[in-house]
Amino acid sequence: PRDARLDTLKGMQAASAARAIDFVSLEGSGDGCSELHATAYRDGTRETQLLARCNPHGRWIEWMSG
């Protein structure tokens, strides 16, 4: 459920005050594609980077330049 997911993300951000946490996610973007993100939690802050866009079933992947 959405609320449980948000609680988990908030918990990771809070826990990052004591230790670094990295989270990789693959989520639907709402336009028929999915997006692969890497989120770094450090010292209570969050930074997210879009790594790639892809077909939800893995037929293709478009890596973002970084």
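Preceding this section is the structure that the text describes.
Each value, and the rule that gives it
Residues numbered from 1 in each chain as written. Predicted model: local features only at pLDDT ≥ 70, side-chain atom pairs only at ≥ 80, totals over all residues. Heavy atoms only, no water. Helix = DSSP H or I, 4+ residues; strand = E, 2+ residues; numbered from the N terminus. Buried < 20%, exposed > 50% of the residue type's maximum accessible area, 1.4 Å probe, protein only. Polar contact = N/O pair within 3.5 Å; in protein donor to acceptor, adjacent residues only side chain to side chain. Pairing = 2+ DSSP bridges.

Colleague: Kindly report on the side chain of Asn-55, identifying the contributing residues and their values.
Modeller: Position of Asn-55 among the secondary structure elements: in the loop between strand 3 (45-54) and strand 4 (61-63). Relative accessible area serves as the criterion here: at 12%, Asn-55 is assigned to the buried category. From its side chain, Asn-55 meets the backbone nitrogen of Arg-59 in a polar contact 3.5 Å long.

Colleague: Kindly report on the pairing of strand 1 (residues 21-28), identifying the contributing residues and their values.
Modeller: Pairing of strand 1 with strand 2 (residues 34-42) involves eight bridges; the strand directions are antiparallel. Looking at the pairing, Glu-27 lines up with Glu-35 of strand 2. Counted along the chain from strand 1 to the antiparallel partner strand 2, the turn is five residues long, and its residue Gly-30 has a positive phi close to 95°.

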